[in-house]
Amino acid sequence: MKLLIIGQAVVDTIEFIDGKTLLLPGGIHHVCAGISIVRSEDDEMFLCTSFDEESKSLFEKSFSIFNNKYVTKVDKIPRVHLTIYPDREREEQYDSINQNLRLNISDWHQFDGIILNMITGFDVTIEQVEYIRKNFKGKIYLDVHTLSRGLDEHFNRNFRLIPDIEKWAKSVDIIQMNESEIKTISKLESERKIVEELFSFGIIIILVTKGADGVRVYYKNKTEISSLFISSLKIKAVNTVGCGDIFGAVFFYNYIKTKNINLALHKAVQAASLTAAGLTPNEIKNYS
């Protein structure tokens, strides 16, 4: 299998309410970690991102399993300060944001699927995504992520309605959001109504992650909209940053491989739950 992963690498400073602070690789690093859990030796995974010299060592291990021909060096990748709360959405403040990534790719048909993770919200432009759609007939997976947040003069990221959401939705096949992000899709209030609107744009699978509770997937069953809810594993969470990215990578890999939504969902929920519990990708890969 050949998958292409597109998204920014970022350096995370994570602050917890107990005063603990961590400096960690973030952004596309977590998607890479998810792929490392599921990939086989026969797979060739491609990465489209950027790195800088200062933080290069943070990403060397996670990038090493990928074909890096579409990875570029820049002066500085984004830095973000995350404040984590146990009972509400985290706060995000950036001190730098890159322009969109360069897509120096001529043969899009070589890939079996594409994961597009909008880690900063500026990873690619809508024009770039429409270009990919025009030149690629396989499945495209969009993790809405920080596309759902605007950027104020202090580099704070606050939720807002996503501009041109219809264009985004018409350019991808599968979309992932959490419960806060889905509210930025539409002025409609109910989750079901928003889901119906997204299906009208041509989406085929919608995933709504619900933190420690689990995830609900919506999909078309002939002409009807069906849904399935899977609970998270009952674990003690250590750090939930990146769990949604790992969930998306594991789901998409297994869906492309098997076309089985139920199987892909169970494997993705397990991987995300075990990540939250503090297990490494290698430990999750060998988990039974």
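Heads up: the structure comes first, above all this text.
These numbers come from a predicted model, not from an experiment.

Draft legend 1. Quick look at the sheet that holds strand 14 (residues 224–231). Ordered by their spatial adjacency, eight strands build an open sheet running 4-1-9-10-11-12-13-14, and the pairing between neighbours is mixed. Only two strands of the sheet have a single partner each, and these edge strands are strand 4 (44–48) and strand 14. Averaged over all pairs of adjacent strands, the angle between their axes in this sheet comes to 15°, without regard to strand direction. Looking at chain direction, strand 9 (residues 113–117) and strand 10 (residues 139–143) are connected through five bridges and run parallel. Looking at the pairing, Asn117 lines up with Asp143 of strand 10. Here helix 1 (residues 28–38) sits on the sheet and contacts strand 1 (2–6), strand 4 and strand 9; the angle it forms with strand 1, its principal contact strand, is near 160°.

Draft legend 2. Spotlight on the layout of surface pockets. Considering only enclosed or pocket space, the largest pocket measures out at about 1300 Å³ in volume. Along the wall of the largest pocket there are 48 residues; nearest its centre are Lys210, Gly211, Ala212, Thr240 and Cys243. Of the residues contributing to the lining of the largest pocket, the split by class is 19 nonpolar, 14 polar and 15 charged. Computed from the structure, the second largest pocket encloses a volume of approximately 760 Å³. Considering the residues around the second largest pocket, the lining is formed by 29 residues, among which His29, Ala33, Leu279, Thr280 and Pro281 are closest to the centre. Counting residues per element, the ones that place at least two in the lining of the second largest pocket are strand 2 (9–16), strand 3 (21–27), helix 1, helix 2 (56–63) and helix 8 (281–285). Here the element with the most residues in the lining of the second largest pocket is helix 1; it accounts for five residues.

Draft legend 3. Spatial organisation of empty space enclosed by the protein. Throughout the structure, instances matching the rule amount to two cavities of 30 Å³ or more. One number sums up the size of the largest cavity: a volume of about 110 Å³. Around the largest cavity sit 15 residues that line it, and Asp12, Gly27, Arg90, Ile119 and His145 are the ones nearest its centre. Among the elements of the structure, strand 2, strand 7 (79–84) and strand 8 (91–96) are those that each provide at least two residues to the lining of the largest cavity.

Draft legend 4. Spotlight on helix 6 (residues 243–258). Compared with an ideal rise of 1.5 Å per residue, which puts 16 residues at 22 Å, helix 6 spans 22 Å between its outermost C-alpha atoms and is within 8% of the ideal. By the criterion of burial, helix 6 is predominantly enclosed, with 13 of the 16 residues buried. The first or second residue beyond helix 6 is Lys259, which carries a positive phi of 60°.

Draft legend 5. Spatial organisation of the pattern of salt bridges. Counting across every chain of the model gives 14 salt bridges. The partner of Arg133 in a salt bridge is Asp173, with the nearest N and O atoms 2.9 Å apart. One end of the pair, Arg133, is in helix 3 (residues 126–135); the other, Asp173, is in the loop between helix 4 (165–170) and strand 11 (174–178), and 40 residues separate them in sequence. Asp173 shares its class with Arg133; the two are buried. Two residues, Glu196 and Lys193, come together in a salt bridge whose shortest N-O distance is 4.0 Å. With Glu196 and Lys193 both in helix 5 (residues 191–200) and three residues apart, the pair spans about one turn of that helix.

Draft legend 6. Spatial organisation of the pairing of strand 13 (residues 214–221). In the sheet, strand 12 (residues 205–209) pairs with strand 13 via five bridges, with the strands oriented antiparallel. For Leu207, the partnering residue across the bridge sits in strand 13 and is Val217. Once strand 12 ends, the chain turns through four residues before running back antiparallel as strand 13, passing Gly211 with a positive phi of about 60°. Across eight bridges, strand 13 lies against strand 14 in antiparallel orientation. Paired with Arg216 across the bridge in strand 14 is Phe229.

Draft legend 7. Layout of unusual backbone geometry. Even without being glycine, Asp164 reaches a positive phi, approximately 60°. Position of Asp164 relative to the elements: it lies in the loop between strand 10 and helix 4. Of note, Lys259 is a non-glycine position whose phi angle comes to about 60°, a positive value.

Draft legend 8. Quick look at the side chain of Thr72. With respect to the helices and strands, the residue Thr72 is situated in strand 6 (residues 72–73). We classify Thr72 as buried; its relative accessible area is 16%. Once residues within four sequence positions are removed from consideration, Thr72 is found in contact with Thr49, Ser50, Phe51 and Arg102.

Draft legend 9. Fine view of the environment of Ala268. Its location among the elements puts Ala268 in helix 7 (residues 261–276). Classification of Ala268 as buried rests on a relative accessible area of 0%. For Ala268 and Cys243, which are 25 residues apart along the polypeptide, the C-alpha to C-alpha distance reads 9.7 Å. Those residues within four positions of Ala268 in sequence are excluded, and the remaining contacts are Phe247, Val250 and Phe251.

Thresholds applied
- Residues numbered from 1 in each chain as written.
- Predicted model: local features only at pLDDT ≥ 70, side-chain atom pairs only at ≥ 80, totals over all residues.
- Heavy atoms only, no water.
- Pairing = 2+ DSSP bridges.
- Helix = DSSP H or I, 4+ residues; strand = E, 2+ residues; numbered from the N terminus.
- Axes fitted to C-alpha atoms, helices over the stretch in contact; angles between N-to-C directions.
- Contact = heavy atoms within 4.5 Å.
- 1 Å grid on protein atoms, 1.4 Å probe; cavity = no way out; pocket = protein on both sides within 12 Å on 5 of 7 lines; lining within 4 Å.
- Points joined across faces, edges and corners; volume = space filled by probe spheres on them.
- Nonpolar A, V, L, I, M, F, W, Y, C, P; charged D, E, K, R; others polar.
- Expected span 1.5 Å × (residues − 1).
- Buried < 20%, exposed > 50% of the residue type's maximum accessible area, 1.4 Å probe, protein only.
- Salt bridge = Lys/Arg side-chain N within 4 Å of Asp/Glu carboxyl O.

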